[in-house]
Amino acid sequence: MSRSLDAFATEKLDGLEARGLRRHLTVTERTGPIEILRGGRRLISFSCNDYLNLSQHPALKQAAKDAVDRLGVGSGASRLVTGDHPLLPELEARLARLKGTEDCCVMGSGFLTNTGVIPALIAEDDLVLADELSHACIIAGGRLSKGTQRLFRHNDLGHLRDLLAENRADHPRCLIATDGVFSMDGDLAPVHDMAALAAEFDAWLLTDDAHGIGVVGAGGRGSTFAGGTKAEVDLQMGTLSKAVGGYGGYLCASKAVIDLMKTRCRTLIYSTGLPPATVAAAIAALDIIEGDPEYAARPLKKARRFTTRLGLPPAESPIVPILLGDTARTMAAQSRLESAGYLVVGIRPPTVPEGTARLRLTFTARHEDADIDRLADLIAGTILTGEKPFRASS
Ligand SMILES: *Cc1c(COP(=O)(O)O)cnc(C)c1O
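Residues numbered from 1 in each chain as written. Predicted model: local features only at pLDDT ≥ 70, side-chain atom pairs only at ≥ 80, totals over all residues. Heavy atoms only, no water.

Participant: Account for the domain arrangement of the protein chain, naming residues and giving values.
Facilitator: You can read the domains of the protein chain as domain 1 (21-50 + 293-383) and domain 2 (57-291). Once you take the C-alpha centre of each, domain 1 and domain 2 turn out to be 26 Å apart. Taken residue by residue, the interface counts 17 residues in domain 1 and 22 residues in domain 2. Summed over both sides, the interface of domain 1 with domain 2 buries roughly 1400 Å², with 61% coming from carbon and sulfur. (Domains from an automatic or database assignment. Contact = heavy atoms within 4.5 Å. Buried area = accessible area lost by both parts, 1.4 Å probe.)

Participant: Which residues make up the site of the ligand, and what are the values?
Facilitator: Near the ligand you find 14 residues, and of these Gly-110, Asp-208, His-211, Thr-239 and Lys-242 are the closest. Thr-239 is positioned with one of its side-chain polar atoms (N or O) 2.6 Å from an oxygen atom of the ligand. At 3.5 Å, a side-chain N or O of Ser-241 approaches an oxygen atom of the ligand. When the ligand sits alone it has 380 Å² of accessible area, and the protein chains cover 88% of it. Taken together, the residues that form the shell around the ligand break down as 3 nonpolar, 8 polar and 3 charged. (Near = heavy atom within 4 Å. Polar contact = N/O pair within 3.5 Å; in protein donor to acceptor, adjacent residues only side chain to side chain. Areas by Shrake-Rupley, 256 points an atom, 1.4 Å probe, with all protein chains shown as cover. Nonpolar A, V, L, I, M, F, W, Y, C, P; charged D, E, K, R; others polar.)

Participant: Residues and numbers for the sheet that holds strand E12 (residues 342-343), please.
Facilitator: Overall, mixed pairing links the 4 strands, which are arranged E1-E2-E3-E12 in an open sheet. At either end of the open sheet lies a strand with only one pairing partner, and these are strand E1 (28-30) and E12. In the sheet, E1 pairs with strand E2 (residues 35-38) via 3 bridges, with the strands oriented antiparallel. Looking at E2, one finds that Thr-28 is bridged to Arg-38. (Pairing = 2+ DSSP bridges. Helix = DSSP H or I, 4+ residues; strand = E, 2+ residues; numbered from the N terminus.)

Participant: Please give an account of the environment of Ala-67 that cites residues and values.
Facilitator: Tracing the chain through its elements places Ala-67 in helix H2 (residues 58-71). Taking relative accessible area as the criterion, Ala-67 reaches 4% and is therefore assigned buried. Sequence-wise, Ala-67 and Ala-281 are 214 residues apart; in three dimensions their C-alpha atoms are separated by 8.7 Å. Look past the residues within four positions of Ala-67 in its chain and what remains in contact with it is Gly-72, Leu-87, Pro-276, Ala-277 and Ala-280. (Buried < 20%, exposed > 50% of the residue type's maximum accessible area, 1.4 Å probe, protein only.)

Participant: Give me helix H6 (residues 157-167): which residues, what numbers.
Facilitator: The complete set of buried residues in H6 reads His-159, Leu-160, Leu-163, Leu-164 and Asn-167. Along the axis of H6, the buried positions cluster into a sector of 140°, meaning they face one direction only. What points out from H6, more than 90 degrees from its buried face, is the exposed set Ala-165 and Glu-166. On its buried face, H6 sits against strand E5 (127-131), strand E6 (148-152), strand E7 (174-179) and helix H7 (191-200). Regarding H6, its N-cap is Asp-156, as a side-chain oxygen of that residue lies 3.1 Å from the backbone nitrogen of Gly-158 further along. (Arc of directions from axis to C-beta.)

Participant: An account of the environment of Gly-248 is requested, with residue identities and associated values reported.
Facilitator: Structurally, Gly-248 is set in the loop between strand E9 (235-239) and strand E10 (249-253). Sequence separation between Gly-248 and Ala-210 is 38 residues, and the spatial gap between their C-alpha atoms is 11 Å. Dropping the residues within four chain positions of it, Gly-248 is found in contact with Met-107, Gly-108, Ser-109, Gly-110, Thr-239, Leu-240, Ser-241 and Leu-274.

Participant: So what's going on with the nonpolar core? Residues and values would help.
Facilitator: Membership of the largest hydrophobic core comes to 39 residues, with the highest contact counts inside it found for Leu-52, Leu-54, Leu-91, Leu-95, Val-106, Leu-240 and Tyr-250. Looking at this core, the elements that each hand over two or more residues are H2, helix H3 (87-99), strand E4 (103-107), E10 and helix H10 (276-291). The greatest single-element share of this core, amounting to 10 residues, is contributed by H10. Counting only domains with at least three residues in this core, you end up with domain 1 (21-50 + 293-383) and domain 2 (57-291). Grouped together as the second largest cluster of nonpolar side chains are 25 residues, Phe-306, Leu-312, Ala-315 and Leu-337 included. (Core = buried A, V, L, I, M, F, W, Y, C linked by side-chain atoms within 4.5 Å.)

Participant: Break down the sheet that holds E7 for me, with residues and values.
Facilitator: Strands pair in a sheet through their backbones, by hydrogen bonds, and they do so in one of two ways: parallel or antiparallel. Spatial ordering of the open sheet is given by E4-E10-E9-E8-E7-E5-E6, a layout of 7 strands whose pairing is mixed. Sheet topology places E4 and E6 at the edges, where each strand pairs with a single neighbour. Neighbour-to-neighbour, the strand axes of this sheet turn through a mean angle of 20°, independent of strand direction. Here 4 bridges tie E5 to E7, and the two strands are oriented parallel to one another. When the bridges of E7 are listed, Ala-130 appears paired with Ala-177. Running at roughly 150° to E6, helix H5 (residues 136-144) makes contact with E5, E6, E7 and strand E8 (204-208) of the sheet. Here helix H8 (residues 255-264) sits on the sheet and contacts E4, E9 and E10; the angle it forms with E4, its principal contact strand, is near 30°. (Axes fitted to C-alpha atoms, helices over the stretch in contact; angles between N-to-C directions.)

Participant: Break down the pairing of strand E11 (residues 319-325) for me, with residues and values.
Facilitator: Within E11, 7 of the 7 residues are buried, leaving the element largely enclosed by the surrounding structure. Residues of E11 alternate between two faces, with Ile-319, Pro-321, Leu-323 and Gly-325 on one and Val-320, Ile-322 and Leu-324 on the opposite face, all of them buried. The pairing of E11 with strand E14 (residues 357-362) spans 6 bridges and is classified as antiparallel. Across the sheet, Ile-322 pairs through a bridge with Leu-359, a residue of E14.

Participant: Any chance you could break down the pattern of salt bridges for me, citing the residues and the numbers?
Facilitator: One pass over the structure, following the stated rule, counts 20 salt bridges. Residue Arg-309 is joined to Asp-373 by a salt bridge in which the shortest nitrogen-to-oxygen separation is 3.6 Å. Residue Arg-309 is found in helix H11 (residues 293-310), and its partner Asp-373 is found in helix H13 (residues 369-383); the two are separated by 64 residues along the sequence. (Salt bridge = Lys/Arg side-chain N within 4 Å of Asp/Glu carboxyl O.)

So, in structure tokens, the structure goes:
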């Protein structure tokens, strides 16, 4: 056992502890659509990304059980070897239809999708332009690609245009990457205008709709469809782990791009395929999302009830941040809400930029209006006393 290794780890942890940035895993049992059990206490969670509460839905549970009985627990190998069980093409066809693309490829997770897809398209000479608030796995994908990665100011199309005008000609290929719905801020990217800008400079556009599928755009089709018409997005990726209720990632794109991924995307080729139960559950989730657009619209309505009551700008997605800035104050606010029976997890750097620690609330279809109102009043009365709430992006 290496002593220097333990000394290294301990010293790192002490430094993080001193800055209030050490993190811990907390055993948390999910006991219902919105309830959790933590430290022996029942709490109502306003922190799950299970926006449609489908992870606990009887139809998904049954589909998963049936798939286990029929096809077993694990998938045995990479999809390219033996892991391509018959449910996968079915799920891919369903996702391509929902997203309005020619084809789709399902991968291990959202993180694996971005860290595989971006390097499969972008090489050393190429350019990646990413929104500065993009999810960590977009930035990781850009780094793995070995291309040049530059960040543009959050949702700032003027800055993006400047970077394109300055740099585009020096690189054979250019990818613009952004969250469609920003995971820690809840606002939407200006996807339609960004697509026009991408076309103008012959750049490819990738949107990460981890928080869009199932809950944003008519019928839960995602941020590409927000505002009524479909934006021209080349690469729509997302996850099956949030509103879809299970686990896994996907890329929806043209047939040529998807075919390329099956030959070149390293996180698809060198990682085991998703278990059959997970895929079956995702298909059952899409049945619900496509069959009941009113249900898919509910999380956003709940979030808007909360922002209205608190005098915040209207929610654009089921995610609402309450910026407190200071890390210690944010973690104290989390504890205070927890003692009142609500799980509202504080988010701190490096997940969010320095000085923008926040409570991040997520609203789901099954939250009761009475709980939303009580929580809003509690936050107004005990955490935001004497100050106006603000948002990072406004
Ligand atoms: C959660 C998330 C991911 C990662 O998806 P997983 O399937 O959980 O790996 C990617 N992008 C964004 C914006 C996310 O919020």
